[in-house]
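Here is what each chain is made of, one letter per residue.
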Amino acid sequence: MTDTSAPANPTSGDRGPSLRVLGQYVKDLSFENPGHAPVQTQPNIDLGIDVGAAPHVDGNGLFEVSLKLSAKALSGETTLFITELDYAGLFQLSNVTEKQIEPMLLIECPRLLFPFARRIIAEITREGGFPPLLIDPVDFVALYQAQYRKAAERAAGDGQPA
């Protein structure tokens, strides 16, 4: 049995906020292998994650969101590898309030980009002669909240409202 209460034309009437991925791409990728040697112990991995967003020059609700991942593997004092990836996506937001824009750009968009960036990091480290670096899932809500708190603390320190 079907539900006949749904509108016949889903494009008519009120539409909620929407997010479209128009494209995704590698903006920058580097891998350095200065200390390739047999690794006997689990290396220490220093991982960095940064998210940025900017309006696209074309406007029309278009934004470029950039997810930057960096990893440095150390075994004792020896640097095994250093990799950096700047992975970006072009997103179109529609029917989004001003209050919803920032969380969508800094939480939802990187959440969509992350699996692809994670795969690239895993492949580049494997191709560099190491076991693939599988980055754990990232809580982009917590990352956004931490950035928001830091910005509020800086603004409070400057005497300006957050």
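What counts as what
Residues numbered from 1 in each chain as written. Predicted model: local features only at pLDDT ≥ 70, side-chain atom pairs only at ≥ 80, totals over all residues. Heavy atoms only, no water. Helix = DSSP H or I, 4+ residues; strand = E, 2+ residues; numbered from the N terminus. Buried < 20%, exposed > 50% of the residue type's maximum accessible area, 1.4 Å probe, protein only. Contact = heavy atoms within 4.5 Å. Areas by Shrake-Rupley, 256 points an atom, 1.4 Å probe, with all protein chains shown as cover. Core = buried A, V, L, I, M, F, W, Y, C linked by side-chain atoms within 4.5 Å. Salt bridge = Lys/Arg side-chain N within 4 Å of Asp/Glu carboxyl O. Pairing = 2+ DSSP bridges. Axes fitted to C-alpha atoms, helices over the stretch in contact; angles between N-to-C directions.

Here the focus is the overall build of the protein. In terms of helices and strands, the protein carries two helices and four strands. Out of the 162 residues in the protein, the part that is buried amounts to 27%. Of the contacts formed within the protein by residues at least 6 apart in sequence, a portion of 70% connects residues at least 24 apart. Approximately 10500 Å² of the protein is accessible, and the part contributed by carbon and sulfur atoms is 51%.

Before going further, it helps to examine the nonpolar core. Val65, Leu67, Phe81 and Leu105 are the most contacted members of the largest nonpolar core, which has 29 residues in total. Mapped by element, the contributors of at least two residues to this core are strand 3 (62–75), strand 4 (78–94), helix 1 (98–127) and helix 2 (140–157). At 11 residues, the largest contribution of residues to this core is made by helix 1. Beyond its immediate chain neighbours, meaning those up to four positions away, Phe81 contacts Phe31, Glu32, Pro34, Ile45, Ala71, Lys72, Ala73, Thr125, Phe130 and Leu133.

With that settled, the discussion passes to the pattern of salt bridges. Going through the model one piece at a time under the given rule, you end up with four salt bridges. Between Lys27 and Glu64 there is a salt bridge whose closest N-O contact spans 3.2 Å. You can see Lys27 sitting in strand 1 (residues 18–32) and its partner Glu64 sitting in strand 3, a full 37 residues away along the chain. Classification of Lys27 as partly exposed rests on a relative accessible area of 43%. Overall, Glu64 belongs to the partly exposed group, its relative accessible area being 22%.

The strand order across the open sheet built from four strands is 1-4-3-2, with neighbouring strands paired in antiparallel fashion. Edge positions in the sheet fall to strand 1 and strand 2 (44–55), since each has one partner strand and no second. Direction aside, the axes of adjacent strands within the sheet are offset by 15° on average. Bridge count between strand 3 and strand 4: 14 bridges; the pairing is antiparallel. Bridge pairing links Leu67 to Tyr87 in strand 4. Relative to strand 2, helix 2 is tilted by about 75°, and along the sheet it contacts strand 2 and strand 3.

Bear in mind that shape data such as this cannot, by itself, settle questions of function.
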